[in-house]
Amino acid sequence: MELGSTVTLAYEGTLEDGTVFGYATAEKPMKFQTGMDMVVDGFEKEILAMNEVGEKKKFTVSEYDAYGEYLDEFTQRIPLEQIPFSVTAGQRLTLSNSEDGAPMQATVIEIKDGSAIVDLNHPLAGQKLTYEVEILEIEDAPENFVSFAEKQAHLKQQSKLLGGDQGDDFR
């Protein structure tokens, strides 16, 4: 399969203990365009190696090619008075004061001493992910396809030319 193809597939994703973390069926399939940073790297790499409708494959993606390693220090204590609603352990929250202003997902680990201790790791961080996949449809890449990585590199170059982040390059 070539980069930029749109693929429709059914899959079941499981953790090492057999817990199902995600799935898509033939009736409600998953569809994405390769090369657009829409799925984890290890999953996309395996899908790109498949070439035929009806092809089935089982593979495992390491934590490093999925959601990264689990970082113990990636937790934060938030005073409960700063949270405008009540929270409980296990609840997922969207935090809005990340460094770049983008929303961040967090899981409440514990309520303790007037604070919520939240985990900022992705829920699947530190996990090997096993997928059983069946390709249902493959659509060819458009002739003018530009991957997400190519777009990012182009935007970075344009920013330098327009006086943005110069990095080590000075004009």
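Quick note: structure is the one above.
The numbers attached to residues start from 1 for each chain and follow its sequence in the written order. Since the coordinates come from a predicted model, pLDDT governs what is reported: local features require at least 70, and pairs of side-chain atoms require 80 or more to be given and counted, while whole-chain, interface and lining totals use all residues. Only hydrogens and water are removed before side-chain values are computed, so all heavy atoms of the structure are retained for them.

A. Geometry of the sheet that holds strand β8 (residues 115-119). DSSP bridges decide pairing: two strands pair if at least two such bridges lie between them. Counting from the N terminus, the helices are the DSSP runs of H or I reaching at least four residues and the strands are the DSSP runs of E reaching at least two. Overall, antiparallel pairing links the four strands, which are arranged β5-β8-β7-β6 in an open sheet. Across the chains shown, the open sheet's two edge strands, defined by having one partner strand only, are β5 (75-79) and β6 (92-95). This sheet shows a mean twist of 45° between the axes of neighbouring strands, independent of strand direction. Here β5 pairs with β8 via five bridges, running antiparallel. Each bridged residue has a counterpart across the sheet, and for R77 the counterpart in β8 is I117. Lines are fitted to the C-alpha atoms to define the axes, a helix being fitted only along its stretch in contact, and any angle between axes, read from their N-to-C directions, falls within 0 to 180 degrees.

B. The arrangement of the pairing of strand β2 (residues 20-24) in detail. In this structure, strand β1 (residues 6-14) lies alongside β2, joined through four bridges in antiparallel fashion. Directly across from T14, in β2, lies its bridge partner V20.

C. Spatial organisation of the environment of Q82. On the secondary structure map, Q82 appears in the loop between β5 and β6. When the C-alpha atoms of Q82 and A116 are compared, they prove to be 9.8 Å apart, with 34 residues separating the residues in sequence.

D. Region of interest: the environment of E55. Relative to the helices and strands, E55 resides in the loop between α1 (41-48) and β4 (56-61). The rule is simple: take the accessible area with a 1.4 Å probe, protein chains only, and divide by the maximum for that residue type; under 20% is buried, over 50% is exposed, in between is partly exposed. By relative accessible area, which is 26% here, E55 ends up partly exposed. For the pair E55 and I138, spaced 83 residues apart in sequence, the C-alpha to C-alpha distance is 11 Å. Whether two residues touch is decided by their heavy atoms; if any such pair falls within 4.5 Å, the residues are in contact. Setting aside chain neighbours within four positions, we find E55 in contact with M50, V133, E134 and I135. From its side chain, E55 meets the backbone nitrogen of N51 in a polar contact 2.8 Å long. We define a polar contact as two N or O atoms separated by no more than 3.5 Å, with the added condition that, inside protein, one atom must be a possible hydrogen donor and the other a possible acceptor, whereas residues neighbouring each other in sequence contribute only through side-chain atom pairs.

E. Expanded view of the nonpolar core. L9, F43, I47, Y131, V133 and I135 are the most contacted members of the largest nonpolar core, which totals 20 residues. At the level of secondary structure, the elements contributing two or more residues to this core comprise β1, α1, β4 and β9 (129-139). Per-element accounting of this core gives the leading share, four residues, to β9. Filtering out sequence-adjacent residues up to four positions away, V133 remains in contact with L9, A10, Y11, F43, I47, M50, E55, K56, K57 and F59. Core analysis: the second largest hydrophobic core is formed by ten residues, I83, L93, L95 and V118 among them. Nonpolar cores are built from buried Ala, Val, Leu, Ile, Met, Phe, Trp, Tyr and Cys residues. Side-chain atoms within 4.5 Å join them into one set.

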